[in-house]
Amino acid sequence: MNRHDLPCLPDYQGNSIANLMSSLLTALGGEAPDCPPLRQLPPARLESYTNLLLLVLDGLGYRFLAERGSSCLGSHLVGPITSVFPPTTAAAITTFLTGEAPQRHALTGWHMYFRELGAVLAILPGRPRYGGVGLSRAGIEVTALLQTRSVFERIAVPSYQVAPESIARSDFNTALLGPARLCAFRSLSGLFERLTEILRTGRERSYTYAYWPELDAIGHAAGMGSASARDHFEALDAAFAAFLHGVRGTNSLIIVTADHGQIDTTAADRVTLDDHPALADCLLLPLCGEPRAAYCYVRCGRRERFERYVREHLSEVAELWPSEALIERGLFGLGTPSPRLAPRIGDYTLLMKGDYVIRDWLPGERRYTQIGVHGGLSEAELYVPLVLAAV
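Rules behind the numbers
Residues numbered from 1 in each chain as written. Predicted model: local features only at pLDDT ≥ 70, side-chain atom pairs only at ≥ 80, totals over all residues. Heavy atoms only, no water. Helix = DSSP H or I, 4+ residues; strand = E, 2+ residues; numbered from the N terminus. Contact = heavy atoms within 4.5 Å. Polar contact = N/O pair within 3.5 Å; in protein donor to acceptor, adjacent residues only side chain to side chain. Phe/Tyr/Trp six-rings, centres within 6.5 Å; stacked < 30°, edge-to-face > 60°. Buried < 20%, exposed > 50% of the residue type's maximum accessible area, 1.4 Å probe, protein only. Salt bridge = Lys/Arg side-chain N within 4 Å of Asp/Glu carboxyl O. Pairing = 2+ DSSP bridges. Axes fitted to C-alpha atoms, helices over the stretch in contact; angles between N-to-C directions. Core = buried A, V, L, I, M, F, W, Y, C linked by side-chain atoms within 4.5 Å. 1 Å grid on protein atoms, 1.4 Å probe; cavity = no way out; pocket = protein on both sides within 12 Å on 5 of 7 lines; lining within 4 Å. Points joined across faces, edges and corners; volume = space filled by probe spheres on them. Nonpolar A, V, L, I, M, F, W, Y, C, P; charged D, E, K, R; others polar. Parallel < 35°, antiparallel > 145°, perpendicular 65-115°, else oblique. Expected span 1.5 Å × (residues − 1). Arc of directions from axis to C-beta.

### Description of the environment of Gln370
With respect to the element layout, Gln370 can be found in the loop between β16 (357-359) and β17 (372-373). Considering only alpha carbons, one finds Gln370 and Glu153, 217 residues apart in sequence, at a separation of 36 Å. Apart from the residues lying within four places of it in its own chain, the contact partners of Gln370 are His220, Thr265, Arg270 and Arg359. Within polar-contact distance, the side chain of Gln370 engages the side chain of Arg359 at 2.8 Å.

Rendered as structure tokens:
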């Protein structure tokens, strides 16, 4: 069993997106979670603003932004903060929408085993991994399944959630909408039009959460080092600059961050269980979590065989950890773990080294390749920017 120190860790003591949410919750009259406030943004600094806007740019890692050179977003960059573990959309967006770290909200990756349903789900689209109808159409009450309250229920001011039309009314978003007013959009210009309207027309103190997914999608398809990612960032940055100009004088603090960064992979970095049938034979369930941090549910009586196979055949590409050890090391957050956490992270976790990923495929599942990936503990994946603009 490899017990090497982990490469880098979320900083829940005062420098993570969970701490950012603690600052916002406290400043907006809500009950602070287990995490202390963000060191760079104490709640007292937020109290004088009429409008607080949190804009999450999916996939915008700190390193990616810092390497862009001159930009509007870069000119307002305060510094790096960490995401949560795993640094991936399902875990981090749930932190933004609940104020809780994964230690408490217990959503731990794109694919998760829900013992309550006896199924592996892709929780954000709300469907079983093998396909079929969404949770609400299947008669599942998603709010009861998540067992957590949204940020919008925890605060004492009017609130808005600004989301792409394609996901705005998903089961997941609806379950965590609470009393917030939902504002959907269809384009980059539509996003900033919605935000301008909210900040320009509001007469009382408010909180707005907004989400833009396109940079992450481009990174997955073409890589963060691609011309497509560069061009999109430039368009995004120009739109952000115009937005700041358009909301001057509204007494607003605009906070921009991300759920995670990405790294680019090549064919040589991709490990598939097709090539490791003996390992697959040890597993009770398909791999869960993320290709960079895969949760393994091992069949009864196969643990020794599983450990030996990883040690002998995968030690160059992966660190093997008992999943309970990651809870003990504080990777998922502070405080008492949710009782739902341990069943959702399997018996072991494969933390991939370097740029490696690991995948398996269900019968009939559409196979695809992603260039940009995330979910691991590299600096590029874990560190996200903290951008502050007062207007």
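### Some details on the packing of aromatic side chains
Tallying each qualifying case throughout the model produces 10 aromatic pairs. Where Phe96 meets Tyr209, the ring centres are 6.5 Å apart and the plane angle is 35°; that geometry is what we call tilted. Taken together, the residues Phe96 in helix α4 (residues 89-98) and Tyr209 in strand β8 (residues 206-212) connect sequence positions 113 residues apart. As far as the burial class goes, Phe96 and Tyr209 line up, both buried. Seen from their ring centres, Phe240 and Phe243 are 6.4 Å apart, and the 45° between their planes marks the pair as tilted. Taken together, the residues span about one helical turn, with Phe240 and Phe243 both in helix α11 (residues 227-246) at a distance of three residues. Each member of the pair, Phe240 as well as Phe243, carries the same accessibility label: buried.

### Some words on the pattern of salt bridges
If you walk through the whole model with that rule in mind, you get 14 salt bridges. Note that Arg344 is salt-bridged to Glu116, the shortest N-O span being 2.8 Å. One end of the pair, Arg344, is in the loop between α14 (323-328) and β15 (348-352); the other, Glu116, is in the loop between β3 (111-114) and β4 (119-122), and 228 residues separate them in sequence. Owing to a relative accessible area of 1%, Arg344 belongs among the buried residues under this scheme. Looking at Glu116, the relative accessible area reads 42%, which means it is partly exposed.

### Overview of the sheet that holds β8
For sheets, the rule is that strands pair by backbone hydrogen bonds, running either parallel or antiparallel. In space, the seven strands of this open sheet follow the order β2-β18-β9-β1-β8-β6-β7, with mixed pairing throughout. Strands with a single pairing partner mark the edges of an open sheet, and in this sheet they are β2 (77-82) and β7 (181-185). Along the sheet, successive strands turn relative to each other by an average axial angle of 20°, direction set aside. Its contacts with the sheet place α4 against β1 (51-57), β6 (159-164), β8 and β9 (252-257), and it is angled at close to 165° to β8. Against the sheet, α11 makes contact with β1, β8, β9 and β18 (383-390), and its axis sits at roughly 170° relative to β9, the strand it touches most.

### Focus on the nonpolar core
Ranked by size, the top nonpolar core spans 110 residues in total, and within it Leu54, Phe85, Leu191, Tyr207, Tyr209, Phe240 and Phe243 carry the most contacts. For this core, the leading source of residues is helix α1 (residues 17-27), giving seven residues. Contact partners of Phe243, with chain neighbours within four places excluded, come to Leu53, Phe192, Leu195, Thr196, Leu199 and Ile254. Val271, Phe306, Tyr309 and Leu350 belong to the second largest nonpolar core, which has 20 residues in total.

### Details of the layout of surface pockets
For the largest pocket, the calculated volume is near 1,000 Å³. Looking at the largest pocket, it is lined by 43 residues, and the ones nearest its centre are Trp110, Leu124, Pro125, His220 and Gln370. Within the residue set of the lining of the largest pocket, elements represented by two or more residues are α4, β6, α8 (171-175), β8, α10 (214-222), β12 (288-290) and β16. Looking at the lining of the largest pocket, its residues break down into 23 nonpolar, 11 polar and nine charged. One number sums up the size of the second largest pocket: a volume of about 210 Å³. Looking at the second largest pocket, the residues that line it are Glu31, Ala32, Pro33, Asp34, Glu100, Arg104, Thr148, Arg149 and Arg154. Of the residues in the lining of the second largest pocket, the class split is two nonpolar, one polar and six charged.

### Observations regarding empty space enclosed by the protein
Taken as a whole and assessed by the stated rule, the structure comprises one cavity of 30 Å³ or more. Considering only enclosed or pocket space, the largest cavity measures out at about 40 Å³ in volume. Looking at the largest cavity, the residues that line it are Pro33, Asp34, Cys35, Glu100, Ala101, Arg104 and Leu334. Class assignment for the residues of the lining of the largest cavity results in four nonpolar, no polar and three charged.

### Brief notes about the pairing of β9
Put simply, side chains in a regular strand alternate between the two faces of the sheet. Within β9, six of the six residues are buried, which leaves it mostly tucked inside the rest of the structure. Across the two faces of β9 the burial is the same, with Ser252, Ile254 and Val256 and Leu253, Ile255 and Thr257 all buried.

### Examining the packing of α10 against α11
Between α10 and α11, whose axes approach to 9 Å, the crossing angle comes to 170°. In terms of orientation, α10 lies roughly antiparallel with respect to α11. Between α10 and α11, the contacting residues are Glu214, Leu215, Ile218 and Ala222 on the first element and Ser228, Ala229 and His232 on the second. Of the residues that constitute the contact of α10 with α11, the class distribution is four nonpolar, two polar and one charged.

### Remarks on helix α13 (residues 303-314)
For α13, which comprises 12 residues, the first-to-last C-alpha distance of 15 Å matches the rise-based estimate of 16 Å (1.5 Å per residue) to within 8%. Those residues of α13 that fall on the buried side of the exposure criterion are Phe306, Tyr309, Val310 and Leu314. Looking straight down α13, one finds that the buried residues subtend no more than 100° of arc, so they occupy a single side. In this structure, α13 carries Glu304 and Glu312 as exposed residues pointing more than 90 degrees from its buried face. Buried positions along α13 lie against β11 (270-272), α12 (277-280), β13 (293-296), β14 (318-322) and β15.

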